[in-house]
Amino acid sequence: MKTKKKEKKKQKGLLWFLGVSAASVMLLLGCQFFFESALTGDEKFYENTKINGIEVGGMSIAEAENIVLTDMLESRNEIEIELVSGEKSWILKGNDFEVSNKIQPLMNNLIKAERQGNFFQNLANANKIKEEGKEFQISYSNILGNMDSQIDEIVKKVEQESVAPKLVFQPKGDQTFVVDEGQNAILVNRDMLYQEIDDSLKNNKKIKVEIPIIEIENDIDVEALKNSVVKRGEFSTSYETSSAARKHNIKRALEKFNGLIVEPEQVISFNETTGERSEANGYKNAKMIVGGVYVDGAGGGVCQASTTLYNALLLSDLQVLTVNRHSLPAPYVPLSFDSMVSSGYSDLVFKNNTENPIYIKTVAGEKNVKVEIYGQKFDEGVSVSTRAELVKVLPHNGDKIVADVKGEYDNKILYKGEYHRVKYPKEGYESKGYVQYFKDGKLIEEKEVRHDFYQPQDGVVMEGVEEPADGMIIPASDVKIIKPQKVSNKSEEAIRKKLEKNNPIEYNP
């Protein structure tokens, strides 16, 4: 029994020894193969190995490099790279590049790749690889120098910086504001581009590559942008009964403001914006108020343009720095809401006192002119209005009779007792203007912005200066001399109603 047990132990030991020995042999063979695959400088490519279709079996690295490089350089003129981005394309030819040799280190890698692989796979397939060889492709990009500079020029034409969406002001368009969507940032994925060029040039000399891009979207809320600008206020006046020349002047002055964008804290002068009121600057002669009298002058009517703008500014709650009244009330607005302008001494000046730009649009129709002002929203539920108040009537002193000593009216009057009216007397007014603020329709604040005195005007009646001859009878004049005005509470109320009639409420929102 003991003898049999000893024999079994010897058999197990022998099997263990044989197993270890076999494993050791395999390890040694593997190590031998591994170390054989390490380059010594004397290696030659296995038989049947091809690079770019050229048989290099049995050649050293240097020999293979020389024959492959020569073949690639001879084909350089045939290389054509078309890069495409959208509808644009660019073609680079082999001759556009400098000559380069980047294949030497690749040869080292190829011969390593020919020998190395999975450890146990190499043990089984080493002889097969030696017999059959391998086929490798080297990209033609390895003979093209200065590729970076060539690609850079094209990339500059493809890439684009981010442009944020913005509102475009179109005062003459059907839509006052439209949204310019801007543009997303476009970047070229250079690593991927180079890789695609390299891969494509391994098998073909003429290639077409879509330039890979990265698009970075804008993160601006376009809908919020659309709602960021609203109409803050508008005001219109009628010029239906004005002469063609006066209408022309009003339109010309307002055109200077149509499309004007005023930045925060920016100050605007009406006179500077509209320019000199002269025929050379495109203005015509029309009626205007000078010293309480209507006379013809270049730019007559421009004050209606400034008045319309002034009221739109007030209703938009913008800061008016300078404004002046006329010597006579303007018939197209309530008292204390006119704006007299004259080059050199009277101007309308305002400032954008909001945090965002304001946009001015003007419209000239057949009967009315209008100014619209856009900008940031008022606080929720807030609206702005204006109110005119007649404090009292300032009575006139009646007519003043003036002798026509200069003979200015000798075609109408010659003798004493002959009269010609030049001007009717006009009552004056003390008035105030207010800006009102409403919250959800309820008046929450009212502030006085004007306190004016429109001085009464004397009537002017001219009388001839010559003494009539003896026996000459001077016909009774049809000019009635007006006496100084007497104003009572009753008459003042009538005047108030007359002013309201002359200044229709539709022009005073």
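Just above, that's the structure.
Quantities reported herein were computed from a predicted structural model and do not represent experimental measurements. Every chain is numbered on its own, with residues counted from 1 as its sequence reads. For this predicted model, a pLDDT threshold of at least 70 governs which residues receive local features, and a threshold of 80 or more governs which side-chain atom pairs are given and counted, while totals over whole chains, interfaces and linings are taken from all residues. As a rule here, side-chain values come from all non-hydrogen atoms in the structure, and water together with hydrogens is ignored.

**Some words on the sheet that holds strand E23 (residues 399-403)**
Across the sheet, three strands lie side by side as E23-E27-E24; this open sheet has mixed pairing. Sheet topology places E23 and strand E24 (419-423) at the edges, where each strand pairs with a single neighbour. Taken pair by pair, the neighbouring strands of this sheet meet at an average axis angle of 30 degrees, ignoring direction. Pairing between E24 and strand E27 (residues 459-463): four bridges, direction antiparallel. For Lys423, the partnering residue across the bridge sits in E27 and is Val460. We call two strands paired when DSSP finds no fewer than two bridges between them. Helix numbers and strand numbers start at the N terminus; a helix is a DSSP run of H or I with at least 4 residues, a strand a run of E with at least 2. All axes are obtained by fitting lines to C-alpha atoms, using only the stretch in contact for helices, and the reported angles, taken between N-to-C directions, cover 0 to 180 degrees.

**Concerning the side chain of Ser431**
As for its placement among the helices and strands, Ser431 is situated in strand E25 (residues 428-439). Relative accessible area decides the class of each residue, using a 1.4 Å probe on protein chains only: under 20% of the type maximum gives buried, over 50% gives exposed, and in between gives partly exposed. Relative accessible area serves as the criterion here: at 0%, Ser431 is assigned to the buried category. Definition of a polar contact: a pair of N or O atoms within 3.5 Å, with one able to donate and the other able to accept a hydrogen when the atoms are protein atoms, and with sequence-neighbouring residues admitted only if both atoms are side-chain atoms. At 2.7 Å, the side chain of Ser431 and the side chain of Ser336 are in polar contact. In this structure, Ser431 is in contact with Leu335, Ser336, Glu389, Leu390, Val391, Arg450, His451, Asp452 and Tyr454, ignoring residues within four places of it in sequence. The contact criterion used is simple: two residues touch if any of their non-hydrogen atoms lie within 4.5 Å.

**Focus on helix H8 (residues 244-255)**
Because each turn of an α-helix spans 3.6 residues, side chains separated by three or four positions in sequence point in the same direction. A rise of 1.5 Å per residue sets the reference length of H8, with its twelve residues, at 16 Å; its end C-alpha atoms lie 16 Å apart and thus fit the reference within 8%. Listed as buried for H8 are Ala245, Arg246, Lys247, Asn249, Ile250, Ala253 and Leu254. Helix span, as expected, comes to 1.5 Å for every residue beyond the first.

**Overview of the pattern of salt bridges**
Whenever a carboxyl oxygen of Asp or Glu lies within 4 Å of a side-chain nitrogen of Lys or Arg, that contact is scored as a salt bridge. Taken as a whole, this structure holds 21 salt bridges when the rule is applied. When salt bridges that share partners are traced, they join Lys231, Glu234, Lys370 and Glu372 into one network.

**Section: the sheet that holds strand E21 (residues 368-375)**
The pairing of strands in a sheet comes from backbone hydrogen bonds and takes either a parallel or an antiparallel form. Here four strands make up an open sheet; going across it, the order is E13-E21-E20-E14 and the pairing antiparallel. Strands at the two margins of the open sheet, each flanked by one partner only, are strand E13 (230-238) and strand E14 (261-262). Taken together, the two bridges between E14 and strand E20 (residues 358-364) define a ladder with antiparallel strand orientation. Following the sheet pairing, Ile261 is matched in E20 by Tyr359.

**Observations regarding the pairing of strand E8 (residues 166-169)**
Along E8, the buried face is formed by Leu167 and Phe169; none of Lys166 and Val168, which line the opposite face, is buried. Two elements, E8 and strand E9 (residues 177-180), share four bridges in a ladder whose sense is antiparallel. Paired with Phe169 across the two strands is Phe177, which belongs to E9.

**Examining unusual backbone geometry**
Unlike most non-glycine residues, Asn48 shows phi in positive territory, near 70 degrees. If you trace the backbone, Asn48 turns up in the loop between helix H1 (2-37) and strand E1 (50-51). For Asn48, a relative accessible area of 38% translates into the label partly exposed. Of note, the phi angle at Asn52 is positive, near 55 degrees, even though the residue is not glycine. Relative to the assigned elements, Asn52 resides in the loop between E1 and strand E2 (54-55).

By themselves these figures say nothing about function.
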